[in-house]
Amino acid sequence: MGNLTNKIALITGATSGIGLASAKALAKMGAELYLVGRNSQKGKKTLQNIKSETGNQNIHLIVGNLSSLMEVIKIAQTFLSHKKPLHILLNNAGVYNTTRKLSIDGYEEMFAVNHLSHFLLTNLLLERIKSSSPARIINVASGAHMLIKNINFDDLSFENGFKSLKVYSHSKLANILFTYELAKALKSSDITVNSVDPGEVGTNLGSQNGLFGKIISPLMKLFLQSPEKGAKTSIYLCSSSEVEGISGKNFRNCKEKQPKPWATNEETAKKVWDISKRLIQSKIKTPYNIV
């Protein structure tokens, strides 16, 4: 286990599942943590649990809902206001909807939360990350990216042909393309950017979906690996000296795993970047530059 004393990490979706397991592991290694969660009560409880379980008191909560671009800006501003460096950014939060839902900004919610919010958050924190380097950015993607071969540029909100697994896979493909493009942009820096395929993990993902959430989600946990096992690769990329200097790669089971060719297509990656920037700028004027 690595030593992360004097390192500062920010983790989204840190109050349950893989995010919580990752937070506990990094806390045990001595990192100072900023945990992003949308529920203040749950967040405070998580904070206390991690502090008492790990003995690490340097744990802070930032409350914010990633389905709102304005709240993503507030999350970034809250962190930046602490005037602290940022050595590790773990973009972990995710949502899985069985029916089509739109975010507060009017975008399909899985694309908005799983990709767009992390694209914006990363860009807003990038200057701070650069000034803190060496630093690492880790995006939690999924093997589900294999199920869809291209980005649905003509209908990103899936007004037509919404199928939950297809649309979730679409957002996870965007995660890997974003990772690839960002790594390329930062290749002359001391910042690495990698994506994670955590495998099939029993988490609370999808638990908000009516009958599916109440019955199927807990049932699935019996057959899938635990969040602790699923978090191993995220933890490895956050802390291991073995991956120092490795960037623009995808990992599963703490080993490099080549994603499908369409997930590292240069033209598509650039287009995802440009359209993500445009979608954000059409809704809000950010106080910071997006690369």
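Undergrad: Looking at this structure, how should I read the pattern of salt bridges?
TA: Opposite charge on two side chains lets them pair, provided their charged atoms get close. Summed over the entire model, instances satisfying the criterion amount to seven salt bridges. Ionic pairing is found between Lys 84 and Glu 32, a salt bridge with its closest N-O pair at 2.6 Å. On the criterion of sequence distance, the pair formed by Lys 84 in the loop between helix 3 (69-81) and strand 4 (88-91) and Glu 32 in strand 2 (residues 32-37) is long-range, its members being 52 residues apart. Exposure remark for Glu 32: the relative accessible area of 13% places this residue in the buried category. For Glu 127, the salt bridge goes to Lys 130, with nearest N and O atoms at 3.6 Å.

Undergrad: What is the right way to look at the environment of Ala 25 in this model?
TA: One can find Ala 25 in helix 1 (residues 17-28). With relative accessibility at 11%, the residue Ala 25 sits in the buried group. Separated by 207 residues in the primary sequence, Ala 25 and Lys 232 place their C-alpha atoms 9.1 Å from one another.

Undergrad: Would you take a moment to explain the nonpolar core for this structure?
TA: In summary, soluble globular proteins display a tendency toward joint burial of nonpolar side chains. One finds Leu 10, Phe 79, Leu 120, Leu 125 and Ile 137 to be the most contacted residues of the largest nonpolar core, which totals 61 residues. Only strand 1 (8-12), strand 2, helix 3, helix 4 (109-132), strand 5 (135-140), helix 5 (164-185), strand 6 (191-196) and helix 9 (266-281) provide two or more residues apiece to this core. With near-sequence residues (within four places) excluded, Phe 79 lies in contact with Ile 8, Leu 10, Tyr 34, Ile 62, Lys 84, Pro 85, Leu 86, Leu 125 and Arg 128. Ile 18, Ala 21, Leu 90 and Tyr 236 belong to the second largest nonpolar core, which has 30 residues in total.

Conventions used here
- Residues numbered from 1 in each chain as written.
- Predicted model: local features only at pLDDT ≥ 70, side-chain atom pairs only at ≥ 80, totals over all residues.
- Heavy atoms only, no water.
- Salt bridge = Lys/Arg side-chain N within 4 Å of Asp/Glu carboxyl O.
- Helix = DSSP H or I, 4+ residues; strand = E, 2+ residues; numbered from the N terminus.
- Buried < 20%, exposed > 50% of the residue type's maximum accessible area, 1.4 Å probe, protein only.
- Core = buried A, V, L, I, M, F, W, Y, C linked by side-chain atoms within 4.5 Å.
- Contact = heavy atoms within 4.5 Å.

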